Amino acid sequence: MLSFKITKLDIFQSYFFGETEFRSDKYKVNIQNQRRGKVLKLPFEIKPKTEKIVVRVSGEGDLFIEDYLPYKGESEWLEIDSDEITYFLADHQDQCDTIEIMYE
């Protein structure tokens, strides 16, 4: 499992943009709706055994949303295209502090 700490997350017209930390490295994050379908791209390569990966955004207590997203390779940022996650963040943006990527 990969765990990214959300250090900044701002809302724009139809997407979220911010910064995360992973093992003391800083990465940009972009979370938006599924205009191009569900997508997960990471700022480094992984080799998952399955095509779809669980992406969970969570906060204190039992607050979380998760979605199964197809891994589409490496990008310069952490990119998440998911209607479910985007709409959840619209209501809980300031309460979420972690993005978890769970894969085999």
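Residues numbered from 1 in each chain as written. Predicted model: local features only at pLDDT ≥ 70, side-chain atom pairs only at ≥ 80, totals over all residues. Heavy atoms only, no water.

*Asks:* Mind showing me how you'd approach the overall build of the chain here?
*Replies:* Summing up its helical and strand segments, the chain has 1 helix and 8 strands in all. Reading the helices (α) and strands (β) of the chain from amino to carboxyl end gives β-β-β-β-β-β-β-α-β. In terms of overall size, the chain behaves like a compact globule, its C-alpha atoms giving a radius of gyration of 12 Å where 104 residues would be expected to give roughly 13 Å. In terms of overall dimensions, the chain has C-alpha extents of about 35 × 30 × 25 Å along its principal axes. Within the span of the chain, comprising 104 residues, buried residues form 46% of the whole. Taking contacts inside the chain between residues at least 6 apart in sequence as the whole, the part at least 24 apart equals 63%. When the accessible area of the chain is evaluated, it comes to approximately 6100 Å², of which 44% is carbon and sulfur surface. (Helix = DSSP H or I, 4+ residues; strand = E, 2+ residues; numbered from the N terminus. Rg over C-alpha atoms; globule rule 2.2 N^0.38 Å. Buried < 20%, exposed > 50% of the residue type's maximum accessible area, 1.4 Å probe, protein only. Contact = heavy atoms within 4.5 Å. Areas by Shrake-Rupley, 256 points an atom, 1.4 Å probe, with all protein chains shown as cover.)

*Asks:* What am I meant to see in the pairing of strand β6 (residues 64-74) here?
*Replies:* For a regular strand, the rule is simple: side chains alternate between the two faces of the sheet. Both strand β4 (residues 39-42) and β6 contribute to a ladder of 2 bridges, which runs parallel. Along β6, the bridge assignment pairs Leu 42 with Glu 74. Sheet topology places strand β5 (residues 52-59) next to β6; 7 bridges connect them, and they run antiparallel. What sits directly across from Val 54, in β6, is Tyr 68. Where β5 folds back on β6, the antiparallel hairpin that results is connected by 4 residues, among which Gly 61 adopts a positive phi of roughly 70°. (Pairing = 2+ DSSP bridges.)

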